Amino acid sequence: MLNKIFFLTGNKHKFEEVEPLVYDFGFKIEMLPGHKLEIQSDSLVRIAEYAALNAYMKLEKPILVEDAGLFVEALNGFPGPYSSYVYSKLGFEGILRLLEGVEDRGARFESVSVIVYKPCIITATGKVYGTITEKPYGNRGFGFDPIFKPKNSEKTFAEMDIHEKNKYSHRARSVRKAFQKLSECIKLSRDRESISLKYL
Ligand code: ITT
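Residues numbered from 1 in each chain as written. Predicted model: local features only at pLDDT ≥ 70, side-chain atom pairs only at ≥ 80, totals over all residues. Heavy atoms only, no water.

1. What about the site of the ligand?
For step 1, the next point in the chain: The local shell around the ligand holds 20 residues, among which Thr 9, Lys 14, Lys 36, Asp 145 and Lys 165 are the closest.
For step 2, the next point in the chain: Side-chain polar atom of Lys 36 to an oxygen atom of the ligand: 2.6 Å apart, as the coordinates give it.
For step 3, the next point in the chain: Contact distances for the ligand include 2.8 Å between an oxygen atom and a side-chain N or O atom of Lys 165.
For step 4, the next point in the chain: Contact with the protein chains covers 90% of the free accessible surface of the ligand, which is 600 Å².
For step 5, the next point in the chain: Cavity membership is defined here by more than half of the atoms lying within 2 Å of grid points; on that basis the ligand lies in the largest pocket.
For step 6, the next point in the chain: Among the elements of the structure, strand E3 (63-72), helix H3 (83-98) and helix H5 (170-198) are those that each provide at least two residues to the shell around the ligand. (Near = heavy atom within 4 Å. Polar contact = N/O pair within 3.5 Å; in protein donor to acceptor, adjacent residues only side chain to side chain. Areas by Shrake-Rupley, 256 points an atom, 1.4 Å probe, with all protein chains shown as cover. 1 Å grid on protein atoms, 1.4 Å probe; cavity = no way out; pocket = protein on both sides within 12 Å on 5 of 7 lines; lining within 4 Å. Sits in = over half its atoms within 2 Å of the grid points. Helix = DSSP H or I, 4+ residues; strand = E, 2+ residues; numbered from the N terminus.)

Have a look at this one:
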């Protein structure tokens, strides 16, 4: 039987990207919107850890939080942790406007995944480097997908299906790492338990 973890997100696209990744580790996820407390911080790690621990304390259920941002080199990493707000106000068109006439198109997505699964608290990060295109391409995905082309790809994220995006994406990297660490942590805690039972 698969172990269930509640994915705290209101973003259906993120859920669809993460869902196939966790089966490989013997888990399934259920989307749980409306419980994510987002603090303001320059650090995605702090934002995600705070949200995950806060939800765990309230709900006492296994929790996954994944937070991401787009960091544009020519804009000194903007919008970074503020990506959600900037996207809602300016869209990807706003980023294209800010980069009009700018030659350096380098950018990266960063992702942080945090899992609270008693007794384990896991944090893992993932990054993907690429470029901001001159105009949007593709209509899949969400957010800045139409203007982000990962390194070694001819396509933007919005021209890829989920399976292909997961080969490159920041999110797939941090989620896989987090579930790998979680599997190790669970095994270690079971080993410890059986050792201490032996000496009772
Ligand atoms: P949550 O409910 O999980 O917080 P969200 O949409 O706010 O969902 P994030 O905080 O992780 O997601 O991401 C912030 C913004 O960064 C998001 O709204 C997008 O505009 C952008 N973003 C993050 N990951 C992306 C991706 O894979 N492709 C395109 N844009 C992305």
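2. Let's talk about the environment of Ile 162
For step 1, the next point in the chain: Residue placement: Ile 162 occurs in helix H4 (residues 162-168).
For step 2, the next point in the chain: With relative accessibility at 33%, the residue Ile 162 sits in the partly exposed group.
For step 3, the next point in the chain: Considering only alpha carbons, one finds Ile 162 and Ile 5, 157 residues apart in sequence, at a separation of 21 Å.
For step 4, the next point in the chain: Those residues in contact with Ile 162 that sit more than four places away from it in its chain are Glu 16 and Glu 17. (Buried < 20%, exposed > 50% of the residue type's maximum accessible area, 1.4 Å probe, protein only. Contact = heavy atoms within 4.5 Å.)

3. A word on the nonpolar core
For step 1, the next point in the chain: In terms of nonpolar packing, the biggest core is built from 20 residues, with Ile 5, Phe 27, Ile 29, Leu 64, Ile 115, Phe 179 and Leu 182 touching the most fellow members.
For step 2, the next point in the chain: For this core, the element with the highest residue contribution is H5, accounting for six residues.
For step 3, the next point in the chain: With near-sequence residues (within four places) excluded, Leu 64 lies in contact with Ile 5, Phe 6, Phe 7, Leu 8, Val 18, Ile 29, Ser 113, Val 114, Ile 115 and Phe 179.
For step 4, the next point in the chain: Counting residues in hydrophobic clusters, the runner-up holds 17 residues, among them Val 86, Phe 157, Met 160 and Tyr 168. (Core = buried A, V, L, I, M, F, W, Y, C linked by side-chain atoms within 4.5 Å.)

4. As for the state of the cysteines
One way to say it: the disulfide is the covalent bond shared by the sulfur atoms of two cysteines.
For step 1, the next point in the chain: Taken as a whole and judged by the stated rule, the model has one disulfide.
For step 2, the next point in the chain: Disulfide pairing is shown between Cys 120 and Cys 185; the S-S distance is 2.0 Å. Of note, the bridge from Cys 120 to Cys 185 carries an S-S torsion of about -95° and is left-handed in sense. Remark: Cys 185 occurs in helix H5 and Cys 120 occurs in strand E6 (residues 120-132); sequence separation between them is 65 residues. (Disulfide = S-S within 2.5 Å.)

5. A word on H3
For step 1, the next point in the chain: Here H3 spans only 14 Å end to end across 16 residues, well under the 22 Å set by a 1.5 Å rise per residue.
For step 2, the next point in the chain: Where H3 bends most, at Leu 90, the angle is about 90°.
For step 3, the next point in the chain: Taken as a whole, H3 has its buried residues at Ser 83, Val 86, Gly 91, Phe 92, Gly 94, Ile 95 and Leu 96.
For step 4, the next point in the chain: The inward-facing, buried residues of H3 contact E3, strand E4 (79-80) and E6. (Expected span 1.5 Å × (residues − 1). Bend = angle between axes of the 7 residues up to and from the residue.)

6. Here's the deal with unusual backbone geometry
The bulk of non-glycine residues show a negative phi, and the bulk of peptide bonds are trans.
For step 1, the next point in the chain: Along the chain, Phe 78 connects to Pro 79 via a cis peptide bond; the corresponding omega equals 0°.
For step 2, the next point in the chain: By the element assignment, Pro 79 lies in strand E4.
For step 3, the next point in the chain: The omega torsion across Lys 118 and Pro 119 is 0°, close enough to zero to call that bond cis.
For step 4, the next point in the chain: Inspection of the secondary structure puts Pro 119 in the loop between strand E5 (106-117) and E6.
For step 5, the next point in the chain: We note that Glu 60 has phi near 50°; this positive angle belongs to a residue other than glycine.
For step 6, the next point in the chain: Within the secondary structure layout, Glu 60 lies in the loop between helix H2 (44-59) and E3.
For step 7, the next point in the chain: Within the chain, Asn 76 stands out as a residue other than glycine whose phi angle is a positive 55°.
For step 8, the next point in the chain: Of note, Asn 76 is situated in the loop between E3 and E4.

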